[in-house]
Amino acid sequence: MKKRLNILIISESKNVVDGTQTNAELLLSKLERDGLEPNKNNFVYVVWSNVEGYEVIDKNIKMLRIKDDSIPVFRDLFQGRRLLAAVEKLGYRPDVIIVYDVRNLLNVHFLKKELGGTIAEFITNLPVSLSKTRQLPYLRSFYYYCIERFTRNVPDIVFVINETTKKYALKIGIPKNKINIFAPNVIKNEIPLAKVATKGKIRKKYSIIDEKKIVLSVGRLEKEKGFDILIKLFISMDDPSLVLIIVGEGRERSLLELLAHEQVLKGRIIFAGFVAHSEIWEYYKDADIFALLSLSEALGLVFWEAMYMDVPVLGARTGGIIETIGEKQERGIFWDKNDTKIQFRDKIYEAINGSERENRVLAAHQYVLGKISTPETSRILNDLLAESTKDMR
């Protein structure tokens, strides 16, 4: 019988925790997404917060908030002992310590030294590339560059989400034998919802007539997602037969709404805000094209969702989007940062009505089916963690 693992997760997720509020549904979905089987293992989810607290999310999932008002760099470098003390106070001895942000690897050696356990790093983005889209880009990217190389031998096992993130890990210097690819479990559990999505529901909600084409974009409204670029290019098309729907929330929303103000008033651009994942399939069902012009993207799971729903995709030629669409554009169309406004317009029309549309849509759907049909991904991941734990003892 497989052992229940005690898993300690150290996270920087602002979506899961906001002050004293915990999005339990989102937390559970993240655990499911990463194949951690929340019903079969025990979890303590640790976050740095502006308040101290301990919360029981579920019978086997606990939330530990450690109050810290220091700047992130100070926390990265000097708060390892505080992290250890907080976990020790719970009397929790982890079998596995999971880190999502490479910065937290600077602190977890205190945990392993005193409490034992296997350190597992999940690489789900491209930190150096991503940091270049934030404030102080050169300083941030240099900081991440140094941390990645200083901590590359800390994890006992590393999980990456595709070939793009695997190459990234190898480039850092992580040994190949430590790296395991797993397919995030984002669609498989929601196939029943996708299958019953109703065509026309979103058009009716926003009073969009059938003659108009819907350009859909989904993601966090953050700088790295390139929504400002998409909005500017969409406005430049000046085509009243197209409607852009943006699904998501984030820090950039007010700026994006200001940028799109006139088009919002005309009903040509719609900000749908946060949409529960159980409802997102209705949006894909009515979309005529999916477009996302990210500046940095490790995988782009929203592309997988659109492709599964047979929606043509247009994406920036960067990171994991290249792997998803295919080098030869066999599963979608690339937007290049040097493209003119006219080239963007032509690619939108090509994706919707071009001669290769059906071939690309079919190839994209088959590609996603292959990714989500990996046999028992979550069980394989759990077994790898359990085996690694056994080897380390």
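In this text the structure is predicted, and so the values were computed from the model without any measurement.

S.K.: Describe the packing of aromatic side chains, and please don't skip the residues or the numbers.
M.R.: Within this structure, the stated rule accounts for 10 aromatic pairs. When the centroid spacing of 5.5 Å and the interplanar angle of 70° are considered together, the rings of phenylalanine 122 and phenylalanine 182 count as edge-to-face. Taken together, the positions of phenylalanine 122 in strand β8 (residues 118-123) and phenylalanine 182 in the loop between β10 (179-181) and α8 (191-195) put the pair 60 residues apart, joining distant regions of the chain. The same class applies to phenylalanine 122 and to phenylalanine 182, which are both buried.

S.K.: Can you explain the pattern of salt bridges? Please cite residues and give values.
M.R.: Applying the stated criterion across every chain, the model contains 25 salt bridges. Residue aspartate 101 pairs with arginine 103 through a salt bridge whose shortest N-O separation is 3.4 Å. Of the charged contacts in the structure, one is a salt bridge between glutamate 148 and arginine 149, with a shortest N-O distance of 3.5 Å. Given the relative accessible area of 3%, glutamate 148 is considered buried. One salt-bridge network, in which partners are shared between bridges, spans Arg317, Asp336, Asp339 and Lys347.

S.K.: Quick one: what's the story with the sheet that holds strand β16 (residues 333-335), residue by residue and with numbers?
M.R.: With respect to topology, six strands assemble into an open sheet ordered β13-β12-β11-β14-β15-β16, the strand pairing being parallel. Where the open sheet ends on each side, the last strands, each with one partner, are β13 (269-273) and β16. When the angles between neighbouring strand axes are averaged without regard to direction, this sheet yields 25°. The pairing of strand β11 (residues 213-218) with strand β14 (residues 289-292) spans two bridges and is parallel. Its bridge partner being in β14, leucine 216 is matched across the sheet by phenylalanine 290. Taken strand by strand, helix α16 (residues 341-353) contacts β11, β12 (242-247), β14, β15 (313-316) and β16, and its axis lies near 165° from that of β16.

S.K.: Give a description of helix α3 (residues 80-90) that names residues and reports values.
M.R.: Taken as a whole, α3 has its buried residues at Gly80, Leu83, Leu84, Ala86 and Val87. All buried residues of α3 project into a common sector of 165° when viewed along the axis, lining one side. In α3, those exposed residues whose orientation departs by more than 90 degrees from the buried face are Arg81 and Lys89. Each element contacted by the buried residues of α3 is listed here: β1 (6-11), β4 (42-49), β6 (61-67), α2 (72-78) and α4 (105-115). Glycine 91 sits one or two positions beyond α3 and adopts a positive phi of about 70°.

Thresholds applied
- Residues numbered from 1 in each chain as written.
- Predicted model: local features only at pLDDT ≥ 70, side-chain atom pairs only at ≥ 80, totals over all residues.
- Heavy atoms only, no water.
- Phe/Tyr/Trp six-rings, centres within 6.5 Å; stacked < 30°, edge-to-face > 60°.
- Helix = DSSP H or I, 4+ residues; strand = E, 2+ residues; numbered from the N terminus.
- Buried < 20%, exposed > 50% of the residue type's maximum accessible area, 1.4 Å probe, protein only.
- Salt bridge = Lys/Arg side-chain N within 4 Å of Asp/Glu carboxyl O.
- Pairing = 2+ DSSP bridges.
- Axes fitted to C-alpha atoms, helices over the stretch in contact; angles between N-to-C directions.
- Contact = heavy atoms within 4.5 Å.
- Arc of directions from axis to C-beta.

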